[in-house]
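Listed here are the chains, written in short residue letters.
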Amino acid sequence: TRRTRSTGCEELSMSASDLPLSSISLEGLDKFGVDDLARPHSSNLLNVPNGSKLRFELAAGSSALGEKDLKFYCNYPPPGVPFDRTKYHEYSPKISYDGLRDWVVELPQPLKLAGFYQFYLQSGAKKSEIRTFNIQPTIYLNDQPIHPDAIVKQTFLTKCLGELDHWGPLLEEAHKTGYNLIHLTPVQQSGRSGSGYSIYDQLSVSSKLFKDQKLSEPEKMKKLEEALGKFSRNFNLMFMTDVVWNHTADNTPWLVDHPESGYNPENSPHLKVAVALDDALLQFSDEISEGKYPYVHADIRNENDVSQILSIFSKQIWPKLKLWEYFVMDVPAQIQNFEKALQEKKTVADKYGRDINAMETLHRDGILNDGSGDRFSKSVDIQVALSIFNSPPAQSQLEIDDRVEKFKKAIDEINLIYYRQLDLDFAKIVHNLQYRIRRGVVTHHRKMLESYFTRINKGGKIIPLANNGWIWGGNSLVNFASSESKAYFLRDVIVWEDTVKLRYGNGPQDNPWLWDHMRKYTEWSASVFSGLRIDNCHSTPIHVAQYMLDFARKIRGNLYVIAELFTGDPKIDEHFVAQLGLSSLIREGMAATDPWDLGRYAHRFGGKAVGSTSSGHVKHVTAAPPAAIFMDCTHDNETPHQKRTAVDALSSAALISMAACAIGSTKGYDELFPKTIDLVNEHRKYTLSGQKGIVRAKTILNKLHSEMAEKGFSEIHVHQQENVICIQRHNPESHEAVFMIVFTGFRDQSHHISDHARRVVIPAKITENIIASRLNVLSNFNDHEHHLIGLESELTLSQTDLGDFCHISEELQHGIPVTVVNLKNFPPGSVLGFRAHLFSNQLAVRDQFLQDLNSPRIFDEISRINLTDVNALLFKCDDEERVSTGHDSYNIPDFGKLVYSGLASFIFNLKEIRKSDNMGHPLFNNLRNGDWALDYIVNRLKSYPNLKGVEEWFRKVFENLRKFPRHLIPKYFDMALTRVYDATIKHAYELMSNFISHPINPFVQQLSWGSLEMLGRVPNAPLIFAPKLIETSPAAGLPHFSSGFMRCWGRDTFISFRGLMLITGRHQEAKDVILGFASCSRHGLIPNLLDSGNSSRFNARDATWFFLQAVQDYVSMVPNGKSILQDEVTRRFPTDSQDGDQTPVKMKLEDLVQEILQKHARGIHFREWNAGTKIDANMTDNGFNIDIRFDEETGLIFGGNENNCGTWMDKMGEHARSGNKGIPATPRDGADVEIIGLLKSTLRWVSTLNKAGDYKYSSVKLASGKDLTFAEWNEKIQRNFEKCFWVPTVPTEDSNFQVETKFVHRRGIYKDTFQSAHGWTDYQLRPNVPIAMSVAPELFQKERALSYLKLAEEVLLGPLGMATLDPKDSNYRPNYDMSIDSDDRMLSKGWNYHQGPEWVWVIGYFLRAKFQFEEGSKQDRAHRISAILMRHRKHITESPWWGIAELTNQNGAECYYSCPTQAWSMSCILDCLYDMSR
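Residues numbered from 1 in each chain as written. Predicted model: local features only at pLDDT ≥ 70, side-chain atom pairs only at ≥ 80, totals over all residues. Heavy atoms only, no water.

**Observations regarding the packing of helix α7 (residues 331-343) against helix α9 (residues 382-389)**
(1) Moving on: Between α7 and α9, whose axes approach to 10 Å, the crossing angle comes to 65°. Once α7 is placed against α9, the crossing between them reads as right-handed. For the pair α7 and α9, contact is made by Asn 337, Phe 338, Ala 341 and Leu 342 and by Ile 382, Ala 385, Leu 386 and Phe 389, respectively.
(2) Moving on: Across the contact of α7 with α9, the residue classes tally to seven nonpolar, one polar and no charged. (Axes fitted to C-alpha atoms, helices over the stretch in contact; angles between N-to-C directions. Helix = DSSP H or I, 4+ residues; strand = E, 2+ residues; numbered from the N terminus. Left-handed = near helix turned anticlockwise from the far one by under 90°. Contact = heavy atoms within 4.5 Å. Nonpolar A, V, L, I, M, F, W, Y, C, P; charged D, E, K, R; others polar.)

**Quick notes on the sheet that holds strand β20 (residues 453-458)**
(1) Moving on: Taken in spatial order, the four strands of this open sheet run β15-β22-β21-β20, and their pairing is antiparallel. In this open sheet, the two strands that pair with only one neighbour each are β15 (247-249) and β20. With strand direction ignored, the average angle separating the axes of adjacent strands in the sheet is 55°.
(2) Moving on: When strand β21 (residues 461-470) meets strand β22 (residues 494-501), the two strands line up antiparallel, connected through four bridges. Paired with Gly 469 across the bridge in β22 is Val 495.
(3) Moving on: Packing of helix α5 (residues 272-289) onto the sheet brings it into contact with β20 and β21, and relative to β20 it is tilted by some 95°. (Pairing = 2+ DSSP bridges.)

**So, helix α8 (residues 358-365)**
(1) Moving on: Looking at α8, one finds that the buried residues are Met 359, Thr 361 and Leu 362. The buried side chains of α8 occupy one side of the element, clustering within an arc of 165° when seen end-on.
(2) Moving on: Buried residues along α8 sit against β17 (367-369), β18 (378-380), α9 and α10 (397-436).
(3) Moving on: Of the residues that open α8, the one with a side-chain oxygen 3.2 Å from the backbone nitrogen of Met 359 is Asn 357. (Buried < 20%, exposed > 50% of the residue type's maximum accessible area, 1.4 Å probe, protein only. Arc of directions from axis to C-beta. Polar contact = N/O pair within 3.5 Å; in protein donor to acceptor, adjacent residues only side chain to side chain.)

**Quick notes on the side chain of Asn 390**
(1) Moving on: With respect to the helices and strands, Asn 390 occurs in the loop between α9 and α10.
(2) Moving on: Looking at Asn 390, its side chain comes within polar contact range of the main-chain nitrogen of Ala 394, at 2.7 Å.
(3) Moving on: Excluding residues that lie within four positions of it along the chain, Asn 390 makes contacts with Leu 342, Lys 346, Ala 385 and Arg 403.

**Let's talk about the pairing of strand β38 (residues 831-837)**
(1) Moving on: Counting buried residues in β38 gives seven out of seven residues, a clear majority hidden from the surface.
(2) Moving on: Residues Val 831, Gly 833, Arg 835 and His 837 line one face of β38 and the alternating positions Leu 832, Phe 834 and Ala 836 line the opposite face, and both faces are buried.
(3) Moving on: Relative to β38, strand β32 (residues 737-743) runs antiparallel, the two being bridged by six bridges. Opposite Ala 737, over in β38, you have Ala 836 as the bridge partner.
(4) Moving on: The pairing of strand β34 (residues 765-777) with β38 spans seven bridges and is antiparallel. Within the sheet, the bridge partner assigned to Ile 766 lies in β38 and is Ala 836.

**Considering the nonpolar core**
(1) Moving on: Grouped together as the largest cluster of nonpolar side chains are 202 residues, with contacts concentrated most on Phe 954, Phe 958, Phe 973, Leu 1149 and Trp 1401.
(2) Moving on: Take this core: its biggest share by element is 11 residues, from helix α28 (residues 969-991).
(3) Moving on: Excluding its chain neighbours within four sequence positions, the residues that come into contact with Trp 1401 are Ile 1055, Phe 1106, Trp 1208, Ile 1331, Trp 1464, Ser 1465 and Cys 1468.
(4) Moving on: If you look at the next biggest cluster of nonpolar residues, it comprises 77 residues, including Leu 184, Ala 592, Leu 598 and Tyr 686. (Core = buried A, V, L, I, M, F, W, Y, C linked by side-chain atoms within 4.5 Å.)

**Overview of the confidence of the model for the chain**
(1) Moving on: Summarising the model, the chain shows a mean pLDDT of 93, and 98% of its residues fall at 70 or more.
(2) Moving on: Segment residues 1-17 is flagged for pLDDT under 50; beyond a separation of four residues in sequence, or across chains, it makes 54 contacts in the model.
(3) Moving on: Segment residues 35-42: pLDDT under 50, and 16 contacts once partners within four positions in sequence are set aside and those in other chains are kept. (pLDDT = per-residue confidence, 0-100.)

**Structural notes on empty space enclosed by the protein**
(1) Moving on: All chains considered together, the criterion is met by 10 cavities of 30 Å³ or more.
(2) Moving on: Reported here for the largest cavity is a volume of approximately 150 Å³.
(3) Moving on: Together, 20 residues line the largest cavity, and Thr 639, Thr 666, Gly 668, Tyr 669 and Phe 673 are the ones closest to its centre.
(4) Moving on: Class assignment of the residues belonging to the lining of the largest cavity gives a composition of 10 nonpolar, eight polar and two charged. (1 Å grid on protein atoms, 1.4 Å probe; cavity = no way out; pocket = protein on both sides within 12 Å on 5 of 7 lines; lining within 4 Å. Points joined across faces, edges and corners; volume = space filled by probe spheres on them.)

Okay, here's the thing in structure tokens:
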């Protein structure tokens, strides 16, 4: 094997741009402390491919990024620097964090050093918890890399191999049988027991391996190393051995010199009581052997004998031991000490007072333990006792006697607690003894129990050392020999008498000699062997194993390390693997309880499912189960003959050979050894198999396994019918496959196969027979005195003629060719394997499919479409599709309708499938069962002429896809759709603005999806029909506002205008929307409900001002945007009278803007056209009266009445029984704060334009006949705003503002409205103020603005949206439910729509205001806002609607009546990100 001594440093090499890239998220590393680095908090196993580049990512806003001077440290070394686990290197982010861009740190080279590495974040002196990632080794076999899944291991008990000179034939046979990794149990000299795992001296190779018994230690080591090198070269083998770090043999000579290396009563005083118990039990055993107890025989035969022994132990032995003295206090001594202190009149401060429980307080604060582990090592802290019992101090003997009595009572009660615990401990001891007493004759040399301690004699002093063992169901992360555990006293340990458990302490400083000795042992092992198996890994302290492995990997950089864990907890298994960098965990087929379990193991321990989809170029490293080395049987567990039936050796071996992971076996399995080799007492030697047992079959299977791994058969599928298992390994590129059919041989299974199970359908053409075999085990077996041999058997084996095993035919199923294998003469233990490939016509169509997929045609077709076509290709909800094509969205059985008819919903589900490789997803089932999805995609595209080229491409590609085997269609369906989606979304981004195509972070592009979702053509809802048809219209939200008159709303359109159209660069659509709405203006208002200009409604007072803000934004953001003011608007309603002449007239947009301002300045008063139930079934008569007035003194505009709702909080009651019908929940009449802000913004803008000569008007004429310049109007509002809207923090200032103190219940806020009819509603805390702050920040005094924003954040801010009402308001009802039909006026039919539910769009304005007004650097302010938006980022990523909801209920709970994606929700957040980036 390649044995290069690693320098421990990484050499920098130039890497190609297509190197695989792995990404690890740093989310969750947000707990910082000033202490030393904490233990790793995460057991998640993060495997990074060897040779890949690695980056670490934190999303903008992550809490860790709020730390000052954040730094990233990792102990993976930079180029040229040796690895040192304790040395962490700082790696800097690619771009400094500005609060907006994601924080990305990339290690500067491809990763080549195998092992586990750790990383953390640091801010100043504070450090985060540590996390770990593993880099798997590149495994070499004679300088040739091999795939780790190609490993086929065979274990040899070294002592059964005999002398080194005799190994050659056995190893050559292993090589010929297809094994490439030989595991040798420890090659060191064994202790007295003879077990290879009880090592006499770790630095001494066993002399039994050599003829010459006089060889020195260096000579033995050299000869072994040379021999293994020769075997490796000659037989193409790697070698692995065990490292045993946790214990040494009980007769290890260096224990006498270094007793501190074990756990003894001196360094581990807590073990004294366990030694006392062990001594007593050993003496009891000797007494039984001597016949001291007449009713107990020395020959223990049954449970009655055991019960009699335990009875004597409980009644006679245990009481004499007085072991309670190790746990309780000596009461007389404690009383004496206490009384003496009283007599000496010692006093202490009264810390507790009189109202305490004296016993509990003393137990908690006053019990000392001297740590000696001796009897009565517990005592009372006299100072605490005096504080409790002698306050005030005793003045007489009578008082002293009283205090002593109380003290005695307390310590008796405390001792009682200890006695009760000891009773429980005693019961457990007896229970454990019951199962550990040996059957058979008890002698002085054969005790009835294993001794828990080895007694060594050091200079005449007997030192007990704790023996090693294991605990059934124990916590592997707790050292059971430490003071944290009572395992040795409780007799919990299933002990190995021939081993002494080693005591390392916390580091080399605690036991220098032992650490140095075991390091040398480890380094030698790594220098000679290619791999290490960690024995007793689950009981080996992790920090010890880490230390040893670090030195081992310095010797051999690509060391292959495996272990067998018995933790019983997959999470703890992952913890060990992650913290040690284990290459594989040993898993065993013999652990399966039934055939189904065995099949599940084969699928679970490696490989993706057949037909799995690709995850893309960047691998996001997430927690994964540990890699496995799947053994048919390990060297210390029962054989198939013992546990199942001998014939199962063949069927299990065949099944395990098909696993997509490393596999292994033990010498003797192939030869059908009848039972497990005794690791301690077996002295016979291996012999050549003579091709007996299943060796011939295993040769085929082992070589097949390695071949499949090397040739990329990375996918697996397991199909089970009764006890017949068909397992497939599949190459996802070539579609070559290997199929193996086995009939298992479990002892209790049925030996009959039904006709249904005999018929095995293979979705491929069989091209070559690999193996057909059955095993017959003969009844006669004569064991051999000197050699290990197997059961007599007959193996039937063929690689050509399968006729004796099955009948093979080809047929069509649903037009697709398949192969049918009908089994015959197939008893338990039979196997049948063959190679297969796609049928020739399927290969041809696959090749044509890939050619079409990779041709530039689809990119050419997509390059011709515009963004409205992208909407049709990717999106369109069910209602939009029905109106557009007459068809519904695609319906998947057992799943439901997709939310979009376009590709986006397919893509979303494909991404979800990839995350967990969920091949059973209903979409994949649907694709496997028929071509309905293919037909749907092609047929719907026919309805979109601009997508004809895309439709033709899909038609051609799907024509070939239909001819694929059904199980592969999902994979290639994914490829086709992903290719089109990737090209489409890339094209869409390129058509948008630079801000979208080159985003500051991925969230920006995700938010731009709103533009693609909402702007589209819907035949029954163009923007306007006349005078000029404008087809593309914006939806307010999906699916509720998707078509017809409900699609397009003025208020929603212009709130979302900036983010939906301007920031995304959709300037033409933006212009069309402005001019389209302008053409329908009337009464100086923009319609709210547009209805394509048909039955527009003008009942919104705010829509017009959002319109004017949109025009302002267009002028300022679009190149030459001012020209729009001179564009013609064809007025559909040139007069305000319904009976007037409505012949369209043309005017410039500039004139329309002026008309709006002029009419608001003079006042607007009209009754809605067609007022009544025709346009609103709920509104009362007065609600149809629209009134807006101008206040000449303040410059404010007022409007509305108690019976209508002219702002976005527009819920009209509609439930008669509860009494809310016709009553607006939130009329918000008066001067609305957001409208005043928008008015101020508009006045500032037109005034500036007028001064620059870009707007010909400078004033308006008031109803009084006066002229009012825009500058004057602007100044009026500026002068009066705070006076009208501010609510002072203290009542004494109310007189300086227009405040009605009786209505105030929150201070330090701005009013929501001014001079509303109800009065008190002005003072409700709502989220509308930030709208005014964002567009007209000059209105607000900074300190007051900050006061409001702070309170709004504390009170209104939810996970996604902002509460629409103060939770302390009596009207607060935070959960919107339209289905409520009750007498509750506040809730029925959703009357509380804006009375507490959390709306999302307003958070965009809130965050814009927060960014503008808050103190701090731009980075700090942006970070705080990004932190809030992390929830939105997660939400949109997980949303099947590719969007952010309209609103949520309380604390972000889903609202089922909300649109799951809403235009203004996404656009207003995009507005915020855009503003922060500028």
